[in-house]
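Listed here are the chains, written in short residue letters.
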Amino acid sequence: APTDSIPLTLGEHLLGNSLIRAGRSADACQYFRAAATIQPTNPGPWVSLAGQLSRSGAREESIIAIRHATELNPHLIQAWRLYVSYLRSAGRSDDAELALNRAIELNPDHRVSLDSMWPDLHWDRARRFSSRGEWHRALDAYRSVLPARPADAEFWFELAAVNLIVGDRSGYEHARDS
């Protein structure tokens, strides 16, 4: 990118952030879009644009913008975390799992950090199985989350409900006491 566009990109980015602080978050998107247009190969403006789009409720657009940031710099861990999070929020947990696997594949040195996202994805899977009446598959998915959520009352109630459905009362007492 030409060096004369860098200050303008920074200016657009700063103006976008100023608008957010002033409570004009809807206007901020145009400035983040401008920054991304001025420097289309810089992932930073794309991450900012994705964040603002997500906050504005433009879910699919935010997913496209953050995916673009991961394509521009596949080692930008925060972009991958946002990408997985946005996919989850859009109810696309299968896509989120694929994205997380890809992030880990491309960034093995950050596996521990990225692995911390698995429990939420497994919890999503457990809920999907429960909603479809696939109780034993749901139970397996809930049990995979258990080590990461030992004190989460909501988790224990969901696990206890599935346990009761399949005829297993284990976990019921823990849920009742949570």
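The notes below deal with the structure included here. (Residues numbered from 1 in each chain as written. Predicted model: local features only at pLDDT ≥ 70, side-chain atom pairs only at ≥ 80, totals over all residues. Heavy atoms only, no water.)

By the definition in use, this model includes 17 salt bridges. Here Arg 24 and Asp 27 are joined by a salt bridge, their closest N and O atoms 2.9 Å apart. Its relative accessible area of 46% is what places Arg 24 among the partly exposed residues. For the salt bridge of Arg 102 with Glu 105, the shortest nitrogen-to-oxygen distance reads 2.6 Å. A residue pair is termed a helical-turn pair when its members lie 3 or 4 positions apart in one helix, as Arg 102 and Glu 105 do in helix 6 (residues 93-106) at 3 residues. We classify Arg 102 as partly exposed; its relative accessible area is 39%. (Salt bridge = Lys/Arg side-chain N within 4 Å of Asp/Glu carboxyl O. Buried < 20%, exposed > 50% of the residue type's maximum accessible area, 1.4 Å probe, protein only. Helix = DSSP H or I, 4+ residues; strand = E, 2+ residues; numbered from the N terminus.)

Quick look at helix 10 (residues 153-165) now. Here helix 10 contains 13 residues, and its C-alpha end-to-end distance of 18 Å stays within 8% of the 18 Å for a straight helix at 1.5 Å per residue. All buried positions along helix 10 are accounted for by Phe 155, Trp 156, Glu 158, Leu 159, Ala 160, Val 162 and Asn 163. With a side-chain oxygen positioned 3.0 Å from the backbone nitrogen of Glu 154, the residue opening helix 10 is Asp 152. Immediately downstream of helix 10, the backbone of Gly 167 shows phi near 90°, a positive value. (Expected span 1.5 Å × (residues − 1). Polar contact = N/O pair within 3.5 Å; in protein donor to acceptor, adjacent residues only side chain to side chain.)

Right, let's get into the packing of helix 8 (residues 118-131) against helix 9 (residues 135-145). Interhelical geometry of helix 8 versus helix 9 gives an angle of 160° and a closest axis separation of 8 Å. By the angle between their axes, helix 8 is roughly antiparallel relative to helix 9. Between helix 8 and helix 9 lies a crossing of left-handed hand. Listed contacts from helix 9 to Pro 119, His 122, Trp 123, Arg 125, Ala 126, Arg 127, Phe 129 and Ser 130 of helix 8 are Trp 135, Arg 137, Ala 138, Ala 141, Tyr 142, Ser 144 and Val 145. Among the residues making up the contact of helix 8 with helix 9, the classes are represented as 9 nonpolar, 3 polar and 3 charged. (Axes fitted to C-alpha atoms, helices over the stretch in contact; angles between N-to-C directions. Parallel < 35°, antiparallel > 145°, perpendicular 65-115°, else oblique. Left-handed = near helix turned anticlockwise from the far one by under 90°. Contact = heavy atoms within 4.5 Å. Nonpolar A, V, L, I, M, F, W, Y, C, P; charged D, E, K, R; others polar.)

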